[in-house]
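# Structure at a glance
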Amino acid sequence: MSNYSLDQLGFSESFRDAFSALDRPGALVARVAAEHRGAYVVLTEHGERVAEASGRLRHEAVSRVDLPAVGDWVSLVLGDDLRQPSSPGIVHEVLPRRSAFVRAVAGGVTEPQVVAANVDVVVVVCAANDANARRLDRYLALVRACGAEPVLALTKIDLHPLDSAMLAEIERNAAAAVHPVSSLTGEGVAEISAYFSGQRTLALVGSSGAGKSTLVNRLLGVDKQSTGGLGVDGRGAHTTTHRELIVVPSGGLVIDTPGMRELRLWDADNGLDEAFADLAELAARCRFTDCAHEGEPGCAVRAALDDGTLPIERWRSWDKLQRENAAFAERKDARVAAEARRQRKVFARAARVRDRSRR
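Residues numbered from 1 in each chain as written. Predicted model: local features only at pLDDT ≥ 70, side-chain atom pairs only at ≥ 80, totals over all residues. Heavy atoms only, no water.

### Brief notes about the overall build of the chain
For the chain, the helix and strand inventory stands at ten helices and 13 strands. Contacts spanning at least 24 positions in sequence make up 66% of the contacts within the chain whose residues lie at least 6 apart. Entry remark: accessible area of the chain is about 17900 Å², with carbon and sulfur atoms responsible for 49%. (Helix = DSSP H or I, 4+ residues; strand = E, 2+ residues; numbered from the N terminus. Contact = heavy atoms within 4.5 Å. Areas by Shrake-Rupley, 256 points an atom, 1.4 Å probe, with all protein chains shown as cover.)

Structure (structure tokens):
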């Protein structure tokens, strides 16, 4: 069982102030490393511990976003004997997050899911032969919405070399740092490792088989994460089954995540504007502020499409994501209203029970 200093775990002054403001005597500060069926593995100055959320924390959570997620800082109360690592702790509060990579839950449910919390850099991992522009647009919009620095790692370049024209096009559309990487030869790995400087936390996200776990092993210098071989289609086998925060021996932390077969937007207004800054700038030059870019006079977006300075595929990607984000906003508002009605009914029933008990 390893003991870590809070500095090694990325504890900053802002988190220290938030923890002090809780004023919970006897509590330790801990960072969530993994979640397993409602139980958590947390890292503290006294080593790794198993913990569970308090009843109050679970009861007051409006959605799963309010519960601890991998990367969160939490207040933890342990038993009297800190030397007994088997003794489970109780998480009482989640400290305010500095950032959170959030997506809509897969499967059509209008509910958010925190993939990784308090990350400084999100590395979108994509195989060089599978750099689908629309999928990358979706990832990068969510990264920018979460408040972290976006980085794109194009893996498996030993199998699928990138020509300069293809790389330049990806860099232009991504509007983020792009690093060709080979986890086999080590090319590009040092450039990714440099982002750990200052005990920063990196989260690796991407599709199944993109090479996230292999890259994590390279970054750690040990084979900690299980990896699969290549399938007949040349894609890697999906291996990671849960999110996990790992301390990097040379400094910094990394969160490995399972492959995402479905990535739906959640509250990505700002992220879309930043990921598509070129289109946002064009739209701001339209004659009408409510321009739908469907043939209105003075539409700068249509003019750019007509003269070829705006690629049609980039326009279609932006338009699709804008429509999807607007539709989710409507459903989210309806869900929030429904939850408020449910809470009012719960309080009303409780009040009636109290009134009857007083008679």
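### Considering the pattern of salt bridges
Applying the stated criterion across every chain yields a total of 13 salt bridges. Put simply, aspartate 72 and arginine 97 hold a salt bridge, and the shortest N to O gap is 2.8 Å. Linking aspartate 72 in the loop between α2 (55–60) and β4 (73–77) with arginine 97 in the loop between β5 (89–94) and β6 (100–104), this pair joins segments that are 25 residues apart in sequence. For aspartate 72, a relative accessible area of 0% gives the class buried. (Salt bridge = Lys/Arg side-chain N within 4 Å of Asp/Glu carboxyl O. Buried < 20%, exposed > 50% of the residue type's maximum accessible area, 1.4 Å probe, protein only.)

### With respect to the confidence of the model for the chain
If pLDDT is low for a region, its predicted coordinates should not be looked at in detail. With 79% of its residues at a pLDDT of at least 70, the chain reaches an overall mean of 82. Confidence over residues 228–238 falls short of pLDDT 50; this stretch has 21 contacts with residues more than four positions distant or in other chains. (pLDDT = per-residue confidence, 0-100.)

### A look at helix α9 (residues 300–307)
Turning to α9, its buried residues number three or more, namely Ala300, Val301, Ala304 and Leu305. For α9, the angular spread of the buried residues around the axis is 140°, confining them to a single face. Among the exposed residues of α9, those pointing more than 90 degrees away from its buried face are Asp306 and Asp307. Downstream of α9 by one or two residues, glycine 308 has phi in the positive range, about 85°. (Arc of directions from axis to C-beta.)

### Concerning the packing of aromatic side chains
What the rule picks out here adds up to four aromatic pairs. Here phenylalanine 15 and tryptophan 73 contribute two aromatic rings whose centre-to-centre distance is 6.0 Å and whose plane-to-plane angle is 40°, an arrangement assigned as tilted. With phenylalanine 15 in helix α1 (residues 13–22) and tryptophan 73 in strand β4, the pair connects residues that are 58 residues apart, well separated along the chain. Among the residues examined, phenylalanine 15 registers a relative accessible area of 3% and is labelled buried. Judged by relative accessible area, which is 0%, tryptophan 73 ranks as buried. (Phe/Tyr/Trp six-rings, centres within 6.5 Å; stacked < 30°, edge-to-face > 60°.)

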